Amino acid sequence: MIEVRHLTKRYGPHLAISDLNFSIEAGRVYGFLGPNGAGKSTTMNIITGCLGTTEGEVTIGGYNIFDEPARAKALIGYLPEQPPLYLDMTAEEYLRFVLAAKRVPRERWNVQLAAAMEYTGTGDVRHRLLRNLSKGYRQRVGLAQALLGQPQVVILDEPTVGLDPAQIIEIRKLVRELGREHTVLFSSHILSEVNAVCDSVLILSRGRLVASDTPENLETLFGGAGPIELVARAPRSDIEALLRKHPEWGKPSFGAPEEEGVRLSLACQGDPREAVFYAFAQAGMPIVEMRRTRASLEDVYLELTAPEGAKGAGKG
């Protein structure tokens with residue numbers, strides 16, 4: 001649905017994005033993830049035709065955004081980080097203005113307006129001035145304008161910034177629902193949002209694409225299997241004696257004493273949990289807790305976006 005090839009943007013000596021290449025398939029929700037200043041908004045502004053590029057090309061549904069802007073933009077609904085609202089208009093006046101700007105035939109206005117307002121829950125504020133609406137409702141009106149014209153692709157740049165927790169949950173729900181009928185590109189630097197609403201993740205760091213996959217695959221690919229953590233009810237000396245018989249389980253790391261028992265971690269290869277369980281049971285040392293840790297999306301994100309000299313720091 002969206003093809004980005006060799007996209008580069010310079011502001012004088014500053015390189016904002018560098019040789020970006022990625023594809024976005026139809027009917028999926030993509031999370032565009034990266035720290036502030038990574039180049040997310042710049043990339044979105046280029047994709048939507050709001051900003052020129054130094055090098056590279058973008059096609060939307062087969063139309064080049066620079067060579068055939070009218071056809072390409074007709075397929076896109078865009079909500080920038082700051083919704084483009086005219087605060088002296090009512091919600092309905094503004095949305096009718098957007099319908100005219102998008103050149104939607106007038107006979108379709110009422111149907112599209114009703115559908116967008118129902119979808120975003122803005123019908124009850126249709127006659128109120130935008131300046132008098134809460135930030136959450138302004139964001140909803142901004143989302144409604146992105147849906148007018150029945151776009152195939154909806155692009156949302158940090159749509160939950162500045163909202164309170166209840167409003168964030170509402171916007172996330174709307175984004176998930178959008179993914180049922182549209183291709184969605186959703187930018188954020190909040191990991192929980194990406195996990196909550198996205199099928200795939202694109203991670204930017206310092207203007208470069210450093211990862212593109214599903215959250216689950218990224219956790220597996222970059223994190224792999226972590227150590228085994230367990231709590232056993234036995235004296236530490238007895239546990240150490242047992243572990244000396246099984247060097248294949250890796251070097252143990254012991255935590256502080258706990259009421260439930262001794263907590264330890266085994267940095268092992270493979271997955272010896274079954275063997276560990278039976279060995280401790282036969283030795284009369286019950287295991288009250290055991291789990292295999294894995295790298296989370298947060299771990300992957302921090303590793304991929306860390307400063308060059310800090311990557312891999314703390315790993316042993």
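What you are looking at is a predicted structure, and each value in this text was computed from that prediction instead of being measured.

*Asks:* Go over the layout of surface pockets with me, naming the residues and quoting the values.
*Replies:* In this structure, the largest pocket occupies an estimated 730 Å³ of space. Together, 23 residues line the largest pocket, and Lys73, Ile76, Val98, Ala101 and Lys102 are the ones closest to its centre. Of all the secondary structure elements, the ones that give two or more residues to the lining of the largest pocket are α2 (69-73), β6 (76-79) and α3 (91-101). At four residues, α3 tops the list of elements feeding residues into the lining of the largest pocket.

*Asks:* Could you give an account of the environment of aspartate 199, with specific residues and numbers?
*Replies:* Tracing the sequence through the fold places aspartate 199 in the loop between α7 (191-197) and β9 (200-205). The class for aspartate 199 is partly exposed, based on a relative accessible area of 35%. Between the alpha carbons of aspartate 199 and proline 215 there is a distance of 7.5 Å; along the sequence they are 16 residues apart. Dropping the residues within four chain positions of it, aspartate 199 is found in contact with Arg28, Val29, Thr214 and Pro215.

*Asks:* Mind laying out the sheet that holds strand β10 (residues 208-213), listing which residues take part and the relevant values?
*Replies:* Within the open sheet, the six strands sit side by side as β6-β7-β8-β3-β9-β10. Their pairing is mixed. Either end of the sheet is taken by a strand with one partner, and the two such strands are β6 and β10. Neighbour to neighbour, the strand axes of the sheet diverge by 15° on average, direction disregarded. Alignment of β9 against β10, held across five bridges, turns out to be antiparallel. From the neighbouring strand, leucine 202 faces β10, where its bridge partner is serine 212. Against the sheet, helix α1 (residues 40-47) engages β3 (29-33), β6, β7 (153-157), β8 (183-188) and β9, with an angle of about 150° to β8.

*Asks:* Can you lay out the side chain of arginine 140 for me, pointing to particular residues and giving the numbers?
*Replies:* In this structure, arginine 140 sits in helix α5 (residues 135-147). Not counting residues within four places of it along the chain, the set of residues in contact with arginine 140 comprises Thr120, Gly121, Thr122, Glu170, Ile171 and Leu174.

*Asks:* How would you summarise the pattern of salt bridges if you had to cite specific residues and measurements?
*Replies:* Scanning the model with the defined rule gives 12 salt bridges in all. The salt bridge involving arginine 140 is made with glutamate 170; its shortest N-O contact spans 3.1 Å. Pair noted here: arginine 140 is in helix α5 and glutamate 170 is in helix α6 (residues 165-178), with a separation of 30 residues, a long-range link. Look at the salt bridges and you will find they share partners, linking Glu92, Arg96 and Arg126 into a network.

*Asks:* Before we move on, can you summarise the pairing of strand β1 (residues 2-11) with the specific residues and values?
*Replies:* Across five bridges, the pairing between β1 and strand β4 (residues 55-60) is antiparallel. When the bridges of β4 are listed, valine 4 appears paired with valine 58. When β1 meets strand β2 (residues 14-24), the two strands line up antiparallel, connected through seven bridges. The partner of lysine 9 across the bridge, within β2, is isoleucine 17. Counted between consecutive antiparallel strands, the loop separating β1 from β2 contains two residues, among which glycine 12 sits at a positive phi close to 60°.

*Asks:* Can you explain the nonpolar core? Please cite residues and give values.
*Replies:* If you look at the biggest cluster of nonpolar residues, it comprises 25 residues, and the most contacted ones within it are Ile47, Val58, Ile60 and Leu185. For this core, the secondary-structure elements that each account for two or more residues are β1, β2, β3, α1, β4, β6, β7 and β9. With four residues, β2 is the largest single contributor of residues to this core. Every residue in contact with leucine 185, bar those within four places of it in the chain, is listed here: Ile24, Tyr30, Phe32, Met44, Ile47, Val154, Ile155, Leu156 and Leu202. Leu143, Val184, Val194 and Val197 belong to the second-largest nonpolar core, a separate cluster that totals 24 residues.

*Asks:* Tell me about the packing of α3 against α5, and please be specific about residues and values.
*Replies:* Two numbers describe how α3 lies on α5: the axes approach to 9 Å, and their chain directions differ by 25°. By the angle class used here, α3 and α5 are roughly parallel. Between α3 and α5 lies a crossing whose hand is right-handed. On the side of α3, the interface is formed by Ala91, Tyr94, Leu95 and Val98, while α5 contributes Val141, Ala144 and Gln145. For the contact of α3 with α5, a count of residues per class yields six nonpolar, one polar and no charged.

*Asks:* Break down the packing of helix α4 (residues 109-120) against α5 for me, with residues and values.
*Replies:* Orientation of α4 relative to α5, taken along the N-to-C sense of each, is 140°, at an axis distance of 9 Å. In terms of orientation, α4 lies oblique with respect to α5. Considering only the axes of α4 and α5, their crossing is right-handed. Contacts from Ala116, Tyr119 and Thr120 of α4 reach α5 at Arg140, Leu143, Ala144 and Leu147. Here the residues of the contact of α4 with α5 are counted per class, giving five nonpolar, one polar and one charged.

*Asks:* Residues and numbers for the sheet that holds β4, please.
*Replies:* Remark on secondary structure: sheet strands pair via backbone hydrogen bonds, oriented parallel or antiparallel. In spatial order, the strands read β2-β1-β4-β5; together these four strands make up an open sheet with antiparallel pairing. Only two strands of the sheet have a single partner each, and these edge strands are β2 and β5 (63-64). Inspection of the sheet shows β4 paired to β5 by two bridges, in the antiparallel sense. Residue pairing across strands places threonine 59 opposite asparagine 64, the latter belonging to β5.

Thresholds, definitions, all that
Residues numbered from 1 in each chain as written. Predicted model: local features only at pLDDT ≥ 70, side-chain atom pairs only at ≥ 80, totals over all residues. Heavy atoms only, no water. 1 Å grid on protein atoms, 1.4 Å probe; cavity = no way out; pocket = protein on both sides within 12 Å on 5 of 7 lines; lining within 4 Å. Points joined across faces, edges and corners; volume = space filled by probe spheres on them. Helix = DSSP H or I, 4+ residues; strand = E, 2+ residues; numbered from the N terminus. Buried < 20%, exposed > 50% of the residue type's maximum accessible area, 1.4 Å probe, protein only. Contact = heavy atoms within 4.5 Å. Pairing = 2+ DSSP bridges. Axes fitted to C-alpha atoms, helices over the stretch in contact; angles between N-to-C directions. Salt bridge = Lys/Arg side-chain N within 4 Å of Asp/Glu carboxyl O. Core = buried A, V, L, I, M, F, W, Y, C linked by side-chain atoms within 4.5 Å. Parallel < 35°, antiparallel > 145°, perpendicular 65-115°, else oblique. Left-handed = near helix turned anticlockwise from the far one by under 90°. Nonpolar A, V, L, I, M, F, W, Y, C, P; charged D, E, K, R; others polar.

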